[in-house]
Amino acid sequence: MTAVAGAIGCDVTLANLPLRDDLRGRSPYGAPQLDVAVRLNTNENPYPPPPALVADIAAAVQQEARELHRYPDRDAVALRTDLAGYLAGRTRVPLTVANMWAANGSNEIIQQLLQAFGGPGRSALGFTPSYSMHPIISAGTRTQWIPAPRRADFSLDPAGAVAAVQAHRPDVLFVTSPNNPTGQSIPPADLAAVLAAAPGIVVVDEAYGEFSSEHSAVGLLGQFPDRLVVCRTMSKAFAFAGGRLGYLAAAPAVVDALLLVRLPYHLSTLTQAAARAALRHGSATLASVAVLVKERARVIAALRDLGAQVVPSDANFVLFGRFADAPGAWRRYLEHGVLIRDVGIAGHLRVTVGTPAENDAFLAASAAVLALEAL
Ligand SMILES: Cc1ncc(COP(=O)(O)O)c(C=O)c1O
């Protein structure tokens, strides 16, 4: 929470406000933002934009600044065209601008999806543990959240998933692949079985898609155009987390549905221009994916050598344990100058794969922290 001492109105508390009853007692999203040398807690790409991209963004923003007295293109047609080109090139699926939608991060995409397809009297189901914002945005849109379990090893049991979908018949189903915070992807054949059983919209959250060895769910759009939505982001592999750009691929009617709930001009002219520049430099940026995948293997092997149990990962992070006291272990990492994430799974912590030097620092801290565990 923001420091309030001395601020006008600092004696007013949430209890004094006419807040919706269903929001009382809830916790906001809160990955700690601490000034620590090694920050491996929010799954960003550790490599900053290369100088050529920085220069291109600056030039694009300067160009657009001349028109800032005008509202942006509220349908972001040029950006969506570029996104279609990128995703079609990657997946070999002939996507066009009509299949794409973009917003300020995939969190906003998810919010718009729940505004359009969830809401009061409707439900959303996800396989937990998974991305913490799915239930938080469900709550914000008054969509009933239904958690369904993963296997003990955190993988998704396709038969169990189909049974959960048939039992609860959610209006919106979330399948995160690779799953955050556990790391595994769902094979397209298993996903197809879940899609076939789903009565509502199925949001496949592929925030970490570029790191995965599985094919994108975009390949299933032709088979399930009335329910499949593939949600992606430029915050991870694209090294554009600060730029805030998420997008989806779906049937054009899904985009029509989102036009009903999006705020007009939600994507600023500057965001659109910067994202287009980032896409122009996509292949240079995405060259880091191979480096990070190799580093992931090194981190996993080294953690195992130190005696940790590591969950297999298809993303740019690794879930590992078992700690007798995960919050205590998280604090010990911090004392070593390494910020990782306590995602609330008993005995486990999650670390983002960083640069080789950051990973070395993490592994050195791990040697100390895990040695204490063994005592
Ligand atoms: C699975 C998943 N989906 C969506 C997001 C949201 O990303 P953004 O809003 O930055 O696009 C994240 C971010 O951590 C994530 O892990």
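Presented here is an overview of the structure given in this document.

Calculation rules
Residues numbered from 1 in each chain as written. Predicted model: local features only at pLDDT ≥ 70, side-chain atom pairs only at ≥ 80, totals over all residues. Heavy atoms only, no water. Pairing = 2+ DSSP bridges. Helix = DSSP H or I, 4+ residues; strand = E, 2+ residues; numbered from the N terminus. Axes fitted to C-alpha atoms, helices over the stretch in contact; angles between N-to-C directions. Contact = heavy atoms within 4.5 Å. Core = buried A, V, L, I, M, F, W, Y, C linked by side-chain atoms within 4.5 Å. Buried < 20%, exposed > 50% of the residue type's maximum accessible area, 1.4 Å probe, protein only. Salt bridge = Lys/Arg side-chain N within 4 Å of Asp/Glu carboxyl O. Phe/Tyr/Trp six-rings, centres within 6.5 Å; stacked < 30°, edge-to-face > 60°.

Our focus in this paragraph is the sheet that holds strand S2 (residues 100-103). Pairing is mixed in the open sheet, where seven strands are placed in the order S2-S8-S7-S6-S5-S3-S4. Both edges of this open sheet fall to S2 and strand S4 (144-149), since each of them pairs with a single strand only. Mean inter-strand twist for the sheet, computed between neighbouring axes without regard to direction, equals 25°. Relative to S4, strand S3 (residues 123-128) is paired through six bridges, and the arrangement is parallel. Bridge assignment links Gly-126 to a residue of S4, and that residue is Pro-147. In the packing of helix H5 (residues 158-168) onto the sheet, the strands contacted are S3, S4 and strand S5 (172-176), and the crossing angle to S3 comes to about 160°. The strands touched by helix H7 (residues 252-259) are S2, strand S7 (228-233) and strand S8 (246-249); relative to S2, the strand with the most contacts, the crossing angle is about 35°.

Attention now moves to the nonpolar core. Grouped together as the largest cluster of nonpolar side chains are 88 residues, with contacts concentrated most on Phe-320 and Phe-362. It is helix H9 (residues 282-305) that contributes the most residues to this core, seven residues altogether. With residues up to four places along the chain from it excluded, the contact list for Phe-320 reads Leu-303, Ala-308, Gln-309, Val-310, Tyr-333, Ile-340, Gly-347, His-348, Leu-349, Arg-350, Val-351 and Phe-362. With 23 residues, the next largest nonpolar core counts Ala-103, Leu-114, Ala-250 and Val-255 among its residues.

Looking now at the environment of Thr-271. On the secondary structure map, Thr-271 appears in helix H8 (residues 269-280). A relative accessible area of 14% means that Thr-271 is categorised as buried. In this structure the C-alpha to C-alpha distance between Thr-271 and Asn-104, which are 167 residues apart in sequence, comes to 8.3 Å. Those residues within four positions of Thr-271 in sequence are excluded, and the remaining contacts are Asn-104, Gly-243, Arg-244 and Leu-245.

Right, let's get into the side chain of Ser-235. Inspection of the secondary structure assignment puts Ser-235 in the loop between S7 and S8. A relative accessible area of 7% places Ser-235 in the buried class. Not counting residues up to four positions away in its chain, the partners in contact with Ser-235 are Glu-44, Phe-240, Ala-241, Arg-244 and Leu-245.

Our next topic: the pattern of salt bridges. In this structure the tally under the stated criterion is 13 salt bridges. Residue Arg-20 is joined to Asp-22 by a salt bridge in which the shortest nitrogen-to-oxygen separation is 3.0 Å. A single salt-bridge network, built from bridges that share partners, covers Arg-20, Asp-22 and Arg-142.

Bringing the packing of aromatic side chains into the picture now. Here the structure, examined in full by the defined rule, presents eight aromatic pairs. Judged by centre distance (6.3 Å) and plane angle (45°), the rings of Trp-145 and Phe-174 are tilted. Note that Trp-145 is positioned in strand S4 and Phe-174 in strand S5, a separation of 29 residues in sequence. Since its relative accessible area comes to 23%, Trp-145 is described here as partly exposed. Look at Phe-174 and you get buried, because its relative accessible area is 2%. With a centroid separation of 5.6 Å and an interplanar angle of 70°, the aromatic rings of Phe-320 and Phe-323 are classed as edge-to-face. Residue classification places Phe-320 among the buried residues on the basis of a relative accessible area of 0%. A network of ring pairs unites the aromatic residues Phe-320, Phe-323, Tyr-333 and Phe-362 as a single cluster.

Function cannot be inferred from these measures alone, as they are strictly geometric.
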